[in-house]
Structure formats: structure tokens, C-alpha cells
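Architecture at a glance
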Amino acid sequence: MKCLLVAPLLLATALAAGLAGFEPDGVEKLKQELIEQFSAVAQGLPTLASHNSLGSSEALLNDYLDLVLPDINSAISSAGFDPTSLPDEKINIGIGHVNLSQGNLTKLATIERYHNVTVSYDSDSKKVALEFILRWQDLELIYKFKSKVVLISSTGHVVANVEHLKIHLKLAFDLNLAQVEVQSLDFKHTGDIALTFTGVGVLDYIIDAMSNSFTGIFHNLILDMVKKVAMDPVEEIVEAINQILDNALRPTTTH
């Protein structure tokens, strides 16, 4: 019975990582995959109301998430979300300006589980809570740059790597209402960023000026993309799950 609850919640959360809104066809395909998978188990959810407690089975939950995430990463890539193209930018670096072009963010489709998944049950509220952390080991952003500082022009590429970025998600299933809710969704760790420059005519003081300007901008850009891809869609997915549950458990009858 535990699997009936855990499987759809994990699947829904993992699939949410692909719903970035960049390619409508890819988004719709992933949504339909979620609906098809979840509908199969939705019919069994009413029987959860007869269970007053659910023990934690971390090994089962860990294995399930480890099994699902590679498929979700493949779906993210197939839908065209990895790599993600980035807009051209013109940035003032204090001593001059830099034009950025041909930007890409890669490795979004490398989500993995971090530490153990946990399940808890609150007998007062009759809610089962599922909590886990998802991690990206190394996200990579790359731009072609052309800098202009007084009479010195430089061209090359800048690569920004953000390591160990983690998001924390806690979902709960209300046994009384047969509804899912998001109890917590945030960054567990925003990651560590490092910049690498390659190019022709790039002097140390220009690299220092670009590093000072780019570090915060690139880090925020990567966080915004992760939020858009993996965090913003969660509420929409939960709403879709609840609609499926309503249709299955409380169907509308017409006369």
C-alpha cells in the first residue's frame, strides 16, 4: 500500500523537472506521461484511509527514486531542455564592456538523489509526508565573449561551473481529503561557482574585471534556470495530481 502513495509522488516530482516551458510539444509530452503513470495508481489511493500509520522504508524509496531519475533525465534531454540556449547580453565591467553571445546551459539532465528519502506520518493531521533532496553535481554555462577596454579588444569563451546545487522538496498526502500538498520547496544549497576564461588578448586585469562582474550574474542566471525547470512546475504538477484524484475518487455524475 505504501508504494501506491510513494510512487506517484516521486514520479510527479521527478517529471516536474522537465516542464520548463521552453518547448510546448516537449512539455505536453511529459505532462501526458505523468497523467498516464499516475492514473494507474490513483484508483488505489482510497484504501490508504484505512491505514493509521506508514513506516519509513528508506531503502525502497531510495531504490525507486534512483530508478526513476535516469528516465526523467532522458526525457528532459529528449524534450530539448539540455542544452538550454541563453540570450545574448552586454555587460558593463567598470573598465569597459563585454558582449556575450552563443550562450548555453548544459547538464540540466543530470538530476540525482542526495542522501536518503524519508517518509513520516502525522497521526493528528492524518498526513503522510515525503521529503527528499535532488542534486546537480555540476551545471555548466558557456558564453562566447568579446570585450572592449579602451583600445584593447579581446575574444574568447567563459565557462561557469556550479557544483553541488541542491533543492529540497517536502510533499504531503492528506489521507482525509485524498489530496497532495507542497509543504516545502527551496534551495538546500545554491552551489559553488568557478569561472574559466580562454581566448586571445585577455589580460589579467581584464579577466579580474570580468570575473568580478560575471560571478554573481552567472550564478543567479543558473539558479533562475533551475528554478524555472525544476521548481516552478511543482505546484502545477501537484494541482494536476489532485485533479486526477478528484476525478477518480469523487466523480461528477450527470442526470
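All values derive from a computational prediction rather than experimental measurement.

**Quick look at the pattern of salt bridges**
Evaluated as defined, the whole model comprises 5 salt bridges. The closest approach of N and O atoms between Lys107 and Asp138, which form a salt bridge, is 3.2 Å. Placement of the pair is Lys107 in the loop between strand E3 (97–106) and strand E4 (111–122) and Asp138 in strand E5 (residues 127–149), with a sequence separation of 31 residues. Look at Lys107 and you get partly exposed, because its relative accessible area is 29%. We note a salt bridge from Glu112 to Arg135, for which the minimum N-O separation is 2.8 Å. One end of the pair, Glu112, is in strand E4; the other, Arg135, is in strand E5, and 23 residues separate them in sequence. Using a relative accessible area of 15% as the deciding quantity, one classes Arg135 as buried.

**Comments concerning the packing of aromatic side chains**
Applying the stated criterion across every chain yields a total of 4 aromatic pairs. One cation-aromatic arrangement involves Lys166 over Tyr114; the distance from NZ or CZ to the ring centre is 4.7 Å.

**Details of the nonpolar core**
With 59 residues, the main nonpolar core has Leu100, Met210 and Phe214 as its most contacted residues. For this core, the secondary structure elements donating two or more residues are helix H3 (58–78), E3, E4, E5, strand E6 (152–174), helix H4 (204–231) and helix H5 (233–249). Broken down by element, this core gets its largest block of residues, 12 residues, from H4. Look past the residues within four positions of Leu100 in its chain and what remains in contact with it is Asp88, Glu89, Ile91, Tyr143, Lys144, Phe145, Val158, Phe214 and Phe218.

**Side note on the confidence of the model for the protein**
Reading fine detail from the predicted coordinates is not recommended where pLDDT is low. On average, residues of the protein carry a pLDDT of 78, and 74% of them reach 70 or more. The least confident element of the protein, judged by mean pLDDT, is helix H1 (residues 2–16) at 42; the most confident is E3 at 96. In this model, residues 1–22 is a region of pLDDT below 50 whose contacts with residues beyond four sequence positions or in other chains number 79 contacts. Across residues 37–56, where pLDDT falls below 50, the model places 38 contacts with residues more than four positions away in sequence or in other chains.

**Section: the environment of Ile241**
Topologically, Ile241 is positioned in helix H5. For the pair formed by Ile241 and Glu181, sequence separation is 60 residues and the distance between their alpha carbons is 9.8 Å.

Parameters at a glance
- Residues numbered from 1 in each chain as written.
- Predicted model: local features only at pLDDT ≥ 70, side-chain atom pairs only at ≥ 80, totals over all residues.
- Heavy atoms only, no water.
- Salt bridge = Lys/Arg side-chain N within 4 Å of Asp/Glu carboxyl O.
- Helix = DSSP H or I, 4+ residues; strand = E, 2+ residues; numbered from the N terminus.
- Buried < 20%, exposed > 50% of the residue type's maximum accessible area, 1.4 Å probe, protein only.
- Phe/Tyr/Trp six-rings, centres within 6.5 Å; stacked < 30°, edge-to-face > 60°.
- Lys NZ or Arg CZ within 6 Å of the ring centre and 35° of its normal.
- Core = buried A, V, L, I, M, F, W, Y, C linked by side-chain atoms within 4.5 Å.
- Contact = heavy atoms within 4.5 Å.
- pLDDT = per-residue confidence, 0-100.

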